[in-house]
Amino acid sequence: MDRFFELTARGTTTRTEILAGLATYLTMVYIVVVNPSIMAAAGIDPGAAFVATCLAAAIGSLLMGLLANFPIALAPGMGLNAYFAFAVVGGMGIPWQVALGAVFVSGLLFFLVSVLRIREWLVNGIPMSLKLGIAAGIGFFLGLIGLRGMGVVVDNPATLVGLGPLSTPATLIACGGFVLIAGLVARGVTGAIVIGILITAAAGLPFGLTEFHGIASLPPSLAPTFLQMDIAGALGIGLVGIVFTFFLVDLLDNTGTLIATTHRAGLMNRDGSVPRLGRALMADSGGAMMGAALGTSTTVSYIESAAGIQAGGRTGLTAVTVAGLFLLTLFLAPLAGSIPGFATAPALVFVACLMAKGLQDLAWDDTTEYLPAILTALAMPFTFSIATGIGLGFLSYALVKTLAGRAGEVHGAVWLLAALSAVKFALG
């Protein structure tokens, strides 16, 4: 084990790695509660979605630990699951089986890009400002869904959206849950999000808003979602934009997480590049394809892995530990099924706030950089489409740079993506 994971070489021990894995797990285990509720909104059986979430997290984390030897855990990505359920299935009327097929095809495309080494051209070609705008926009999109789930935001025929009745018990408890999560995180409490979700759910018991179904049992059946993806349907011409969105967000999300976590762990090369990037991205893409086969949205690297790194995790043994813990979580389905929507919604809003933090790094003194990024971020929630926000971002970046006389600063990858977005908008 020492030789395989390079424990001594990286200045760590088995005990430290296992404790680091536990720290990472506690910060991201909320996904086994939140993701099934989002998948259920797409018509997917919540029990099967729970099993798929646990298995996707376990398999993805195991691949990352064994292939790339990084202390980075994977699970179905926040934001992409909301895009899957509310925009693709709910908004466009695409059957969830076809949407899963689109996730699989995007994962396969991601894998090919990783193997063929096109990744550097794409990743390096997209400006940091648009990467920051996309991340923040997905956060705003997620935040809108969370606020609606809390009852804070409701439909309003005059203004499109409005403030909901804050006096209802569910909304009051949900607002308290958000404040609780924020306070626990501010205090540095490990597992703050999952603790906040559990306390919020428990607060609903006296009002009959929460039904307790138990703690442990054998895992639910995976049959309703296992291999139900419709790949043929996903290859239809009308779904090209959906596949592209899954692919692009997956690529940007994983690359950004890899850069941030490897830098924090001291594993980055001196020239700023990420070692074994190809293996890490293959683990990510493999996790995405496996997740689609199991029945959940795109699996991505989790920035919460920073918690384990902070605890001393430096090798893939940390990720392998996380994988083992998610397998054990399979037996906690009754507890996960007891969590109502108003208890998970505050977690969505909190994650949204974290994702918007990156906007502080924009070049606010350069209009050609911050304007397209902000347009990208604003378009996603207001059009209720991550794909539309990305497309407008690339188009505006290329056009604003050109009109400013700085077309030479636009990378070929941006021109390509802007052209594809223009064609998509023209075809409706």
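Taking an unreviewed UniProt entry as the reference, the protein is identified by name as NCS2 family permease belonging to Falsiroseomonas frigidaquae. Here is the UniProt Sequence similarities (unreviewed entry) comment for the protein, exactly as written: "Belongs to the nucleobase:cation symporter-2 (NCS2) (TC 2.A.40) family. Azg-like subfamily." We quote the UniProt Subcellular location (unreviewed entry) comment for the protein here in full: "Cell membrane".

(A) Structural context of the nonpolar core. By size, the foremost hydrophobic cluster in this structure holds 105 residues, and its most contacted members are Y30, M78, F84, F246, F326 and F394. Ranked by residue count, the leading element in this core is helix α17 (residues 341-356), at ten residues. When residues no more than four places from it in sequence are discounted, the contact partners of M78 are Y30, I31, V34, I138, L142, Y302, L348, V351 and M355. Ranked by size, the runner-up nonpolar core spans 17 residues in total, among them A68, I72, F110 and A280.

(B) Fine view of the confidence of the model for the protein. With 95% of its residues at a pLDDT of 70 or more, the protein has an overall mean of 85. When the elements of the protein are averaged for pLDDT, helix α7 (residues 119-125) gives the smallest value, 71, and helix α9 (residues 169-186) the largest, 93.

(C) Main features of the state of the cysteines. Within the structure shown, the criterion is met by zero disulfides. Of all cysteine sulfurs, the one in C175 lies closest to C353, which takes part in no disulfide; the gap is 13 Å. Relative accessible area serves as the criterion here: at 44%, C353 is assigned to the partly exposed category.

(D) Spotlight on the pattern of salt bridges. Summed over the entire model, instances satisfying the criterion amount to four salt bridges. Notably, a salt bridge pairs R406 with D366, separated by 2.9 Å at the nearest N-O pair. Remark: D366 occurs in the loop between α17 and α18 (367-383) and R406 occurs in the loop between α19 (386-403) and α20 (412-427); sequence separation between them is 40 residues. When salt bridges that share partners are traced, they join D366, E369, K401, R406 and E409 into one network.

(E) Representation of the packing of aromatic side chains in the model. Inspection of the entire model under this criterion finds five aromatic pairs. Aromatic pair Y83 and F246: ring centres 5.2 Å apart, planes at 70°, arrangement edge-to-face. Of the two residues, Y83 is situated in helix α5 (residues 80-91) and F246 in helix α12 (residues 240-264); the sequence distance between them amounts to 163 residues.

(F) Helix α6 (residues 96-115), seen in detail. Taking 1.5 Å of rise per residue, 20 residues should cover 28 Å, and α6 covers 29 Å from first to last C-alpha, within 8% of that figure. In terms of burial, α6 is largely enclosed, as 14 of its 20 residues are buried. The positive-phi residue at the C-terminal boundary of α6 is R117, with phi of around 60°.

(G) Geometry of the pairing of strand β3 (residues 160-163). Bridge count for strand β2 (residues 153-156) against β3 is four bridges, and the pairing is antiparallel. Opposite N156, over in β3, you have L160 as the bridge partner. Counting the residues that bridge the hairpin from β2 to β3 gives three residues.

(H) Main features of the side chain of K401. Counting through the fold element by element, K401 comes out in helix α19. Taking the relative accessible area as the measure of exposure, K401 reaches 0% and is therefore buried. A polar contact is formed between the side chain of K401 and the side chain of T368, at a distance of 2.9 Å. Once you skip the residues sitting within four places of it in the chain, K401 turns out to touch D366, T368, E369, R406, A407, E409 and V410.

About the criteria used
- Counting starts from 1 at the beginning of each chain's written sequence and moves along it residue by residue.
- Side-chain atom pairs in this predicted model are given and counted only at pLDDT of 80 or more, local residue features only at pLDDT of at least 70, and totals for whole chains, interfaces and linings cover all residues.
- Derived side-chain values reflect all non-hydrogen atoms in the structure, with water molecules and hydrogen atoms excluded from consideration.
- UniProt positions are given in the numbering used here, feature names are shortened, and annotations may be inferred rather than shown by experiment.
- Definition of nonpolar core: a set of buried residues of the types Ala, Val, Leu, Ile, Met, Phe, Trp, Tyr and Cys, connected through side-chain atoms within 4.5 Å.
- With a 1.4 Å probe rolled over the protein chains alone, any residue whose accessible area is under 20% of its type maximum counts as buried; one over 50% counts as exposed, and the rest are partly exposed.
- Secondary structure counts use DSSP, requiring at least four H or I residues in a row for a helix and at least two E residues in a row for a strand, with both numbered from the N terminus.
- Contacts are assigned to residue pairs with any non-hydrogen atoms lying within 4.5 Å of each other.
- Residue-level confidence of the predictor is summarised by pLDDT, bounded by 0 at the bottom and 100 at the top.
- Throughout, disulfides are identified as pairs of cysteine sulfur atoms within 2.5 Å of each other.
- For this document, the term salt bridge refers to a Lys or Arg side-chain nitrogen within 4 Å of an Asp or Glu carboxyl oxygen.
- Aromatic pairs are defined between Phe, Tyr and Trp rings, using the six-membered ring for Trp, whenever the two ring centres lie within 6.5 Å; interplanar angles under 30 degrees are classed as stacked, those over 60 as edge-to-face, and all others as tilted.
- A helix is expected to span 1.5 Å for every residue after the first.
- A pair of strands counts as paired when DSSP detects no fewer than two bridges linking them.
- Polar contact is defined as a pair of N or O atoms within 3.5 Å, subject to the rule that within protein one atom must be able to donate a hydrogen and the other to accept it, and that residues adjacent in sequence are counted only when both atoms are side-chain atoms.

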